[in-house]
Amino acid sequence: MLKISPVFKDYIWGGTKLKTLYDKKSDLDIVAESWELSTHKDGQCTIAQGPDAGKTLAEYIKGKGGNILGYHAQHSDELPILIKLIDARDNLSVQVHPDEEFAAIYEGDHGKTEMWYILEAEEGAQLVYGFRKDMTREEFEERIQNNTLTESLNYVDVKKGDVFFIQPGTMHAIGKGILIEEVQQSSNVTYRVYDYGRKGADGKPRQLHIDKAVQVTNLEQASHAKVEYTLEQEDGYARGILAKCKYFIVERLDITKEIAMYCDENSFHSLLVTEGNLKVYSDTETLEAKKGDSIFIPAGSGNYKIQGKGQVILSTI
């Protein structure tokens, strides 16, 4: 079991909640994102403690052999998923992600299927999920050019605990006042379509990617934005699946006493503590885990337990 140190990003729309609410230690004034589990070239997580402290997670995996990611990773030495905490003090750009095939051809990267779990949401907070009605390609391009795209977007009210599944090609944007956990394919390909005329650190308008966005965007009316899920109550905990697809499985564990877990050879376990203070332990080791902590458990680790009172988002492949 490894406690992971995240990578921080200070994008202009970010805030300070990850520092104040999740105890993230960073010299950055703004922490828009913390990459909690990543071996992507654009953000390498490191090991926080123990004999391998300071190593990147990628170095650790390569040294141990890809089988610690599990059979479902096909013995790769790179994590197939990337997990983030995202604090939107302001609206994120309206954007879209390509699928696997398009990203491989044009970006040399993976596509981006993702899910959002809403951790915090201020009153009146909304996000963008697709379009209010079907669009033609001509109308889409025209609205981009004349700055009326926002009039056609589907805005969804959000509250803590909501879940959204974002397929490649879905136009989307996280709205201001929302803090989420995002589980996604290990990719950093984003096509911005609209960005409120904001300027980057260089004083120039941030780059848009309209040509590629037009090629990959699903122009059909959005439906079923929120994912419905249930938590099955057991003695000492409740458990439910938030998202399940070919790239990842994400579960919510609400722990009141203790839950017994088993990490088989098919996949690693990624634990992100989103509430409370917990103890994660096996017969051979124990880790204390507070809100905001991320723990990586290699595939094939076998039995372990999570004890205490809190909430964990469990991600596997």
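Residues numbered from 1 in each chain as written. Predicted model: local features only at pLDDT ≥ 70, side-chain atom pairs only at ≥ 80, totals over all residues. Heavy atoms only, no water.

Colleague: Any chance you could break down unusual backbone geometry for me, citing the residues and the numbers?
Modeller: Glycine aside, a negative phi is what most residues show, and trans is what most peptide bonds show. Located in the positive-phi region is Asn147, a residue other than glycine, with phi close to 60°. Turning to its location among the elements, Asn147 is positioned in the loop between helix 4 (137-145) and strand 11 (153-157). Of note in this structure, Tyr196 is not a glycine but carries a positive phi near 60°. The residue Tyr196 is located in the loop between strand 15 (191-194) and helix 5 (210-216) in this model. (Helix = DSSP H or I, 4+ residues; strand = E, 2+ residues; numbered from the N terminus.)

Colleague: Describe the sheet that holds strand 9 (residues 114-121), listing the residues and the values that go with them.
Modeller: Sheet strands pair via backbone hydrogen bonds, and the direction of the pair is either parallel or antiparallel. Read across the open sheet, the six strands follow the order 2-3-7-14-9-12; overall the sheet is antiparallel. Strand pairing shows two members of the sheet lacking a second neighbour, strand 2 (7-9) and strand 12 (163-166), which therefore form its edges. Taking each pair of neighbouring strands and ignoring which way they run, the sheet shows an average axis angle of 20°. Where strand 7 (residues 81-88) and strand 14 (residues 178-185) come together, eight bridges link them in antiparallel fashion. (Pairing = 2+ DSSP bridges. Axes fitted to C-alpha atoms, helices over the stretch in contact; angles between N-to-C directions.)

Colleague: Got a sec to walk through helix 4? Specific residues and values, please.
Modeller: Those residues of helix 4 that fall on the buried side of the exposure criterion are Glu139, Phe140, Arg143 and Ile144. Angular distribution of buried residues about the axis of helix 4 spans 135°; they occupy a single face of the element. In this structure, helix 4 carries Glu138, Glu142 and Gln145 as exposed residues pointing more than 90 degrees from its buried face. In this fold, the buried residues of helix 4 make contact with strand 10 (126-131), strand 15 and helix 5. (Buried < 20%, exposed > 50% of the residue type's maximum accessible area, 1.4 Å probe, protein only. Arc of directions from axis to C-beta. Contact = heavy atoms within 4.5 Å.)

Colleague: If you had to explain the nonpolar core to someone new, which residues and values would you point to?
Modeller: Judged by nonpolar contacts, the single largest core of 37 residues is most densely connected at Leu57, Met115 and Phe296. With four residues, the top contributor of residues to this core is strand 7. Those residues within four positions of Met115 in sequence are excluded, and the remaining contacts are Val163, Phe164, Phe165, Glu181, Glu182, Val183, Leu242, Ala243, Phe248 and Val250. Core analysis: the next-biggest nonpolar cluster, separate from the first, contains 20 residues, Ile144, Leu149, Ala213 and Val216 among them. (Core = buried A, V, L, I, M, F, W, Y, C linked by side-chain atoms within 4.5 Å.)

Colleague: Can you lay out the state of the cysteines for me, pointing to particular residues and giving the numbers?
Modeller: Counted according to the given criterion, the structure contains zero disulfides. Left unpaired, Cys245 is separated from the closest cysteine sulfur, that of Cys263, by 18 Å. The exposure class assigned to Cys245 is partly exposed, which follows from its relative accessible area of 22%. Left unpaired, Cys263 is separated from the closest cysteine sulfur, that of Cys45, by 18 Å. (Disulfide = S-S within 2.5 Å.)

Colleague: If you had to explain the pattern of salt bridges to someone new, which residues and values would you point to?
Modeller: With the rule as written, the count across this model stands at 26 salt bridges. Between Lys133 and Glu139 there is a salt bridge, with its nearest N and O atoms 3.2 Å apart. Classification of Lys133 by relative accessible area gives partly exposed; the value is 37%. Between Lys226 and Asp162 there is a salt bridge, and its shortest N-O distance comes to 3.1 Å. With a gap of 64 residues between them, Lys226 in the loop between helix 5 and strand 16 (232-234) and Asp162 in the loop between strand 11 and strand 12 connect regions that are remote in the sequence. The buried category is assigned to Asp162, whose relative accessible area is 7%. Because the salt bridges share partners, they merge into one network encompassing Lys3, Asp23, Lys25, Lys290 and Asp293. (Salt bridge = Lys/Arg side-chain N within 4 Å of Asp/Glu carboxyl O.)

Colleague: Account for the pairing of strand 22 (residues 294-297), with residues named and values stated.
Modeller: Here strand 22 shows two buried faces, one formed by Ser294 and Phe296 and the other by Ile295 and Ile297. Pairing analysis gives three bridges linking strand 1 (residues 2-5) to strand 22, with the strands arranged antiparallel. Looking at the pairing, Lys3 lines up with Ile295 of strand 22. Bridge count between strand 20 (residues 269-281) and strand 22: four bridges; the pairing is antiparallel. For His269, the partnering residue across the bridge sits in strand 22 and is Ile297.

Colleague: Please set out the packing of aromatic side chains residue by residue, giving values where relevant.
Modeller: Under the definition given, this model contains seven aromatic pairs. When the centroid spacing of 4.9 Å and the interplanar angle of 70° are considered together, the rings of Tyr194 and Tyr196 count as edge-to-face. Cluster of aromatic residues (ring-pair linked, three or more members): Phe102, Tyr106 and Tyr191. When the ring centre of Trp35 is taken as reference, the NZ or CZ atom of Lys9 above it lies at 4.7 Å. For the cation-ring pair, Lys291 lies above Tyr22, with the distance from its terminal atom to the ring centre recorded as 4.6 Å. (Phe/Tyr/Trp six-rings, centres within 6.5 Å; stacked < 30°, edge-to-face > 60°. Lys NZ or Arg CZ within 6 Å of the ring centre and 35° of its normal.)

These figures come from the coordinates and say nothing about function on their own.
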